[in-house]
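# Tertiary structure, described
Here is what each chain is made of, one letter per residue.
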Amino acid sequence: MAGASATVLIALGLLGLVGGVGITAVGPGGVLPTIGLFALTSLSPAQVAGTAVVTHVATGALATAAYTRSGQLREPATRRTAVVLSLAALAGTPLGVLVNSYVSKRVFGVALGVLVAGAAGLVLLRERRAAAVPRAHPSTPTLAALGFSVAVAAGIVGIGGPMLTVPLLVALGVPVLESLAAAQAQSVVVAGVGTLGYVAQGAVDWPLAALVGVPELAGVLLGWRIARSLPARHLKYALVTTLFALAPYLVLHG
């Protein structure tokens with residue numbers, strides 16, 4: 001954090017706030033702090049991932065509590081989905097952290113750009129297919145494969161699970177609010193395990209984690225209210241546009 005300009009610090013705080021809104025309102029918002037840390041600082045790939053993933057411990061716990069309070073995580077099918085995703089994350093996240101240690105800044109940028117574009121595409125797919133797909137929670141093997149794959153990706157680049165899990169679950173037929181709720185529970189495991197891995201490497205910038213994480217917590221509560229009470233279509237399309245615009249920059253910036 002030393003040497004960063006006031007403009008950069010303000011931008012990181014704002015990205016944390018907007019990212020928190022996206023986490024609980026649409027799912028993929030948690031990637032925005034990672035993008036900010038990668039594009040606006042001189043942190044290494046491990047430090048970017050480690051600092052970003054630390055912020056998701058608190059946001060995931062807060063979002064999980066919020067969706068428990070509003071009832072989605074009290075539904076048996078949603079709880080089963082959350083448990084399977086979380087158990088799969090226990091295996092997938094350490095692998096992602098390990099892979100990150102072999103990733104150059106160039107490869108990290110390409111991987112982040114591809115994931116950002118993929119998340120944007122999944123949100124669009126979710127919009128088109130949500131009404132057409134029968135509403136049901138996937139089988140345990142399907143959830144385990146999904147949870148493991150997402151956790152590996154999250155461990156590599158320091159994103160929260162909801163970025164990919166939410167649109168994938170909705171595309172498979174899980175209602176939006178239930179997908180958001182289950183993904184938040186998975187995010188706690190991804191962030192917790194990822195934090196342990198990156199702390200062991202000394203790859204966490206704690207002042208930057210606080211700078212991003214505190215506004216992100218406020219955004220999580222705001223996004224939860226938006227998801228439950230307001231049409232989120234405009235927010236979704238704004239996020240998709242932003243992600244598609246940022247993806248090429250991340251690839252080239254690396």
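Residues numbered from 1 in each chain as written. Predicted model: local features only at pLDDT ≥ 70, side-chain atom pairs only at ≥ 80, totals over all residues. Heavy atoms only, no water.

## A look at the overall build of the protein chain
Put simply, the test is: Helix and strand labels come from DSSP, where a helix needs a run of H or I of at least four residues and a strand needs a run of E of at least two; each type is numbered from the N terminus. Type-normalised accessible area, obtained with a 1.4 Å probe on protein chains alone, sets the label of each residue: buried when under 20%, exposed when over 50%, and partly exposed for intermediate values. Contact between two residues is taken to exist if any of their heavy atoms lie within 4.5 Å; hydrogens are not considered.
What the protein chain contains, in helices and strands, is 10 helices and 0 strands. Its helices and strands taken in sequence order, the protein chain reads α-α-α-α-α-α-α-α-α-α from the N to the C terminus. Scored against the burial criterion, the 254 residues of the protein chain give a buried share of 54%. Long-range pairs, those at least 24 residues apart, make up 87% of the contacts in the protein chain between residues at least 6 apart in sequence.

## Points about the nonpolar core
The following threshold applies: Nonpolar cores were defined as sets of buried Ala, Val, Leu, Ile, Met, Phe, Trp, Tyr and Cys residues, with membership established by side-chain atoms within 4.5 Å.
In this structure, Leu 112, Val 116, Ile 159 and Leu 164 are the most contacted members of the largest nonpolar core, which totals 67 residues. In contact with Leu 112, other than residues within four places in its own chain, are Val 31, Thr 34, Ile 35, Phe 38, Val 157, Ile 159 and Leu 250.

## Some words on helix α7 (residues 162–171)
In terms of burial, α7 is a largely internal element, 9 of the 10 residues being buried. Restricting attention to buried positions, one finds in α7 the residues Pro 162, Met 163, Leu 164, Thr 165, Val 166, Pro 167, Leu 169, Val 170 and Ala 171. Downstream of α7 by a residue or two, Gly 173 has a phi angle that is positive, lying close to 110 degrees.

## Some remarks on a nonpolar patch on the surface
Where we set the bar: Like charges within 9 Å and nonpolar side chains (Val, Leu, Ile, Met, Phe, Trp, Tyr) within 5 Å are joined into patches, using only residues over 30% in relative accessible area that form no salt bridge. Surface accessibility follows the Shrake-Rupley procedure with a 1.4 Å probe radius. Residue values consider only the protein chains on display as shielding. The term salt bridge refers to a side-chain nitrogen of Lys or Arg lying within 4 Å of a carboxyl oxygen of Asp or Glu.
Taken together, the side chains of Leu 95, Leu 98, Val 99, Tyr 102 and Phe 148 define a hydrophobic patch exposed on the protein surface, amounting to about 490 Å² of accessible area. Tallying contributions element by element places helix α4 (residues 76–100) first for the nonpolar patch, with 3 residues. Relative to the assigned elements, Tyr 102 resides in the loop between α4 and α5 (105–129).

## Side note on the environment of Ala 203
Within the element layout of this structure, Ala 203 appears in the loop between α8 (176–200) and α9 (206–229). Here Ala 203 falls in the buried class, since its relative accessible area comes to 5%. For the pair Ala 203 and Thr 51, spaced 152 residues apart in sequence, the C-alpha to C-alpha distance is 7.2 Å. The contact partners of Ala 203, leaving out residues within four places of it in the chain, are Ala 46, Gln 47, Gly 50, Thr 51 and Tyr 198.

## A word on the confidence of the model for the protein chain
For clarity, the threshold we go by: The pLDDT value expresses, per residue, how confident the predictor is, ranging between 0 and 100.
Mean pLDDT over the protein chain stands at 85; residues scoring 70 or higher make up 89%. By mean pLDDT, helix α10 (residues 233–253) is the weakest element of the protein chain at 72, and α4 is the strongest at 95.

## A few points about the packing of helix α2 (residues 31–40) against helix α3 (residues 45–69)
Note the following rule: To get an axis, a line is fitted to the C-alpha atoms, and for a helix only the part in contact is used. The angle between two axes follows their N-to-C directions and goes from 0 to 180 degrees. Crossings are classed by handedness, with left-handed meaning an anticlockwise turn of the near helix from the far one by less than a right angle and right-handed meaning a clockwise turn. Polarity classes work like this: nonpolar for Ala, Val, Leu, Ile, Met, Phe, Trp, Tyr, Cys and Pro, charged for Asp, Glu, Lys and Arg, and polar for all others, with Gly in that last group.
Following both chains from N to C, one finds α2 and α3 inclined at 150 degrees, their axes separated by 9 Å at the closest point. In the crossing of α2 with α3, the sense of the turn from one axis to the other is right-handed. In this structure, α2 contributes Thr 34, Leu 37 and Phe 38 to the contact, and α3 contributes Val 48, Thr 51 and Ala 52. The residue makeup of the contact of α2 with α3, split by class, is 4 nonpolar, 2 polar and no charged.

## Remarks on the side chain of Thr 81
Which entries qualify depends on this criterion: We call two N or O atoms a polar contact when they sit within 3.5 Å, provided that within protein one can donate a hydrogen and the other can accept it, with sequence-adjacent residues counted only if both atoms are side-chain atoms.
Positionally, Thr 81 belongs in helix α4. In terms of polar contacts, Thr 81 uses its side chain to reach the side chain of His 137, at 2.6 Å. In this structure Thr 81 touches His 137, Leu 143, Leu 169 and Ala 182, once residues within four positions along its chain are discounted.

## A closer look at helix α6 (residues 140–157)
The criterion, for reference: Here a helix's expected span is defined as the number of its residues, less one, multiplied by 1.5 Å.
Helix length check: α6, at 18 residues, gives a terminal C-alpha distance of 26 Å against a target of 26 Å (1.5 Å per residue), a fit within 8%. At the exit of α6 stands Gly 158, carrying a positive phi of roughly 80 degrees.

## Observations concerning the side chain of Gln 184
Within the secondary structure, Gln 184 is located in helix α8. The exposure class of Gln 184 is buried, given its relative accessible area of 0%. Beyond its immediate chain neighbours, meaning those up to four positions away, Gln 184 contacts Ile 23, Thr 24, Gly 60, Ala 63, Thr 64, Tyr 67 and Pro 162.

## As for the environment of Gly 147
Within the secondary structure, Gly 147 is located in helix α6. If sequence neighbours within four positions are ignored, Gly 147 has contacts with Leu 85, Ala 88, Ala 89 and Gln 186.

## Some details on the environment of Ala 39
Following the sequence through the fold, Ala 39 ends up in helix α2. When its relative accessible area of 17% is taken as the criterion, Ala 39 is described as buried. Along the primary structure Ala 39 and Tyr 249 are separated by 210 residues, whereas in three dimensions their C-alpha atoms are 8.9 Å apart.

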